[in-house]
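Residues per chain, in single letters:
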Amino acid sequence: MADAIIVCEDLWHVYPGDILALQEANLKINAGEIVGVIGQNGSGKTTLVKHFNGLLKPTRGKVRIKGKDTNGMRIQQLARDVGYVFQNPNHQLFARTVEAELEFGPRNLGVSEEEIVERREKAIEFFKLQELRLLHPYRIGFPLRKLVGMASIYTMRPAVFILDEPTTGQDNVTTRTVYRLIRQLRDEGATVVCVAHDMILLAEVVDRMVVLRDARIIADAKPKEVFSNRELMQSTHLVPPQVAELSLRLMTAGKFPGIELNVSDMVAGLAGRLGK
Amino acid sequence: MDNAKPVIEIENLSFTYSTADKPALKNISLTIYEGEYVALLGLNGAGKTTLQLCLNAVIPNMIVGEKEGTVKTMGMDTEEYPPRELAKVIGLVFDNPEFQLSQMSVAEEIALGLENLGVPTEEMHKIIKDSLEAVGLSGMELRSPFELSGGQQQRLSIASALAMQPHILVMDEPTSNVDPIGKEEVFAVAAKLNKENKITVIMAEHEVEVMAAYADRIIVMNDGEVVFNGTPVEVFSNVELLEKIGLRVPQVTELAHLLKEKHNIKLADQYPVTIDQAEKILKQRL
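## A few points about the overall build of chain B
Of regular secondary structure, chain B possesses 13 helices and 10 strands. The globule rule puts the C-alpha radius of gyration for 286 residues at 19 Å, and the 20 Å found for chain B is close to it. By principal-axis analysis of the C-alpha atoms, chain B measures approximately 65 × 45 × 35 Å. A burial count over chain B gives 48% of its 286 residues as buried.

Structure below.
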């Protein structure tokens, strides 16, 4: 496919000590997709996505980003195309102010000072960081600090964002903000890969789910298909969101036509049937 | 709860951290009874953790600030009894297990608190064994805490708290750093300790669907105040008021609410809060 931005071909990764973390992974992610990568800890999901920005190189097989083999490419080169937002923003933030944090990435990429300022201001607006710009990142509460982590990658203008557990430990308000930002990133043309356990994020925001278990990709399908697969959900210990589970139970009982992934669709589906 | 014994009695509690200019807790009055499973909900910064730290006397004994009102845990005023004394009746489990694990082995991790209390060695072995059994970690005594999975580490934190044989277990977002298997494990252990061992559980959580299924009572905090306090059905029925302060309700409750508000369809006298309740009602209606 012409617009595949990430391609993994028979990707294997073995860590020192013969620890097999990933095997036979074949995957294509198209530009502009929002993809969720899920699985329990130790299933290989972090190993998989760390190949996308060159933090890891294949033990066997190939990873191509925008058609270029990551073997032989340096992390700095890959960082122009793929931005990695860590689960813990403390692993990523080190400047004295939010502004400086936002400027660091593009300056490192050799972007002109004029454009750095432009990108910084765009990021402050996009992530609504106006009141935080001169604060030290560690003076900011955890939920907003996480947004600063995302914003500092945003100023590097990568084509692909990898978000590691973007909503874990966040309250409902920040979680909703993150959902909105992910959709906006896609609207601006970015590809977003979310490593996530947040089932509502997976049900309502992503286009496609890649499920890993025991170092293998065991499913790669649309959320409706993944959440409908009882066996798959049980074998990976994943619990569908409440509406998905409810619609499935009603469907099994012959009372509802199919799975729904969000409350408003389920309300619409029920309203017609209950109204009769 | 007329006959039940109060284990936590809070009267007009306010607290302002010495580093802050506005209060973290404002005039809270609250009673929690023996054997209850209480969920504490609220946005980050609403005051949940501060309230929990008042229960075992870390506030006001170890964290400085201005405190008004009284907190009694198992009848002991936290102004008069230090955290060391209260540790015998109330255990705290935090969101990140790595913050509280420090020892070389699982057994030593649990022994730590007991040694501080001067428990004799033979008795200590039995307590360690029983505590590990209660959280499903039997036989792991010699493992390093840092080799355990997130869910196991969090269950070890619970076992360490249990070793002190507390009446009350306070948990601050205990599943926010563990994967889905770990979440299931932690919730299951907390529910078992509550049902079988009659331990009072006070848990701060963001997972409203899970809390609706497990908790007897939901306490909602906003900006340092208790704004709702009741059964899951009583509290989650306030869909719009909760949304106003940034909280969501279980999806099935939202579903029933939207059917009523937008389509004038009333599912039942009360909104469902768990999936089983919603399934039962809808199977009858469809």
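## A short note on the sheet that holds strand β1 (residues 6-17) of chain B
Residue and element names in this part refer to chain B. The strand order across the open sheet built from four strands is β2-β1-β4-β5, with neighbouring strands paired in antiparallel fashion. One side of each edge strand has no neighbouring strand; the edge strands of this open sheet are β2 (25-33) and β5 (76-77). Of the strand pairs in this sheet, β1 and strand β4 (residues 65-73) are connected by eight bridges, and their pairing is antiparallel. Residue pairing for β4: Glu9 is matched across the bridge by Lys72. Sheet strands touched by helix α1 (residues 48-55): β1, β2 and β4. Its angle to β1, the strand with the most contacts, is close to 120 degrees.

## Here's the deal with the confidence of the model for chain B
Scored by pLDDT, chain B has a mean of 93; 99% of the residues are at 70 or more. Across the predicted assembly, pTM comes out at 0.90 and ipTM at 0.89.

## A few points about the environment of A:Thr175
Residue and element names in this part refer to chain A. Summarising the element assignment, Thr175 is placed in helix α6 (residues 172-187). The exposure class assigned to Thr175 is buried, which follows from the 21 C-beta atoms found within 10 Å. Residues Thr175 and Ile200 lie 25 residues apart in sequence; the distance between their C-alpha atoms is 9.8 Å. Beyond its immediate chain neighbours, meaning those up to four positions away, Thr175 contacts Thr167 and Gln170.

## Observations concerning the interface of chain A and chain B
Tallying the contact residues gives 32 residues for chain A and 35 residues for chain B. Only α5 (142-154), α6, α10 (242-252) and α11 (263-275) of chain A provide two or more residues apiece to the side of chain A that touches chain B. The leading source of residues in the side of chain A that touches chain B is α11(A), at eight residues. Its residues assigned to classes, the side of chain A that touches chain B shows 17 nonpolar, 10 polar and five charged.

## A few points about the pairing of β1(B)
Consecutive residues of a regular strand have side chains that alternate between opposite faces of the sheet. Pairing analysis gives six bridges linking β1(B) to β2(B), with the strands arranged antiparallel. Opposite B:Glu9, over in β2(B), you have B:Thr31 as the bridge partner.

## Brief notes about the packing of α10(A) against helix α13 (residues 275-285) of chain B
Packing of α10(A) against α13(B) leaves a shortest axis separation of 10 Å and a crossing angle of 35 degrees. You can see that α10(A) and α13(B) cross each other, and the crossing is right-handed. Each of A:Gln242, A:Glu245, A:Leu246, A:Arg249 and A:Leu250 in α10(A) lies in contact with α13(B), whose residues at this interface are B:Ile275, B:Ala278, B:Glu279 and B:Leu282. Across the contact of α10(A) with α13(B), the residue classes break down as five nonpolar, one polar and three charged.

## Digging into the environment of B:Ala212
Residue and element names in this part refer to chain B. One can find Ala212 in helix α9 (residues 208-214). Overall, Ala212 belongs to the buried group, with 25 C-beta atoms counted inside 10 Å. Measuring from C-alpha to C-alpha, the distance between Ala212 and Val249 comes to 8.9 Å, with 37 residues separating the pair along the chain. Once residues lying within four places of it in the same chain are set aside, the contact partners of Ala212 are Pro232, Phe236, Pro250, Val273 and Thr274.

## Notes on α1(B)
Residue pairs three or four apart in sequence face the same way in an α-helix, which turns once every 3.6 residues. When you tally the buried positions in α1(B), you get seven out of eight residues, the bulk of the element. Within the span of α1(B), buried status applies to B:Lys48, B:Thr50, B:Leu51, B:Gln52, B:Leu53, B:Cys54 and B:Leu55.

Conventions used here
Residues numbered from 1 in each chain as written. Chains lettered and ligands numbered in written order. Predicted model: local features only at pLDDT ≥ 70, side-chain atom pairs only at ≥ 80, totals over all residues. Helix = DSSP H or I, 4+ residues; strand = E, 2+ residues; numbered from the N terminus. Rg over C-alpha atoms; globule rule 2.2 N^0.38 Å. Buried ≥ 20, exposed ≤ 12 C-beta atoms within 10 Å, placed from the backbone. Pairing = 2+ DSSP bridges. Contact = placed C-beta atoms within 7 Å. Axes fitted to C-alpha atoms, helices over the stretch in contact; angles between N-to-C directions. pLDDT = per-residue confidence, 0-100. Nonpolar A, V, L, I, M, F, W, Y, C, P; charged D, E, K, R; others polar. Left-handed = near helix turned anticlockwise from the far one by under 90°.

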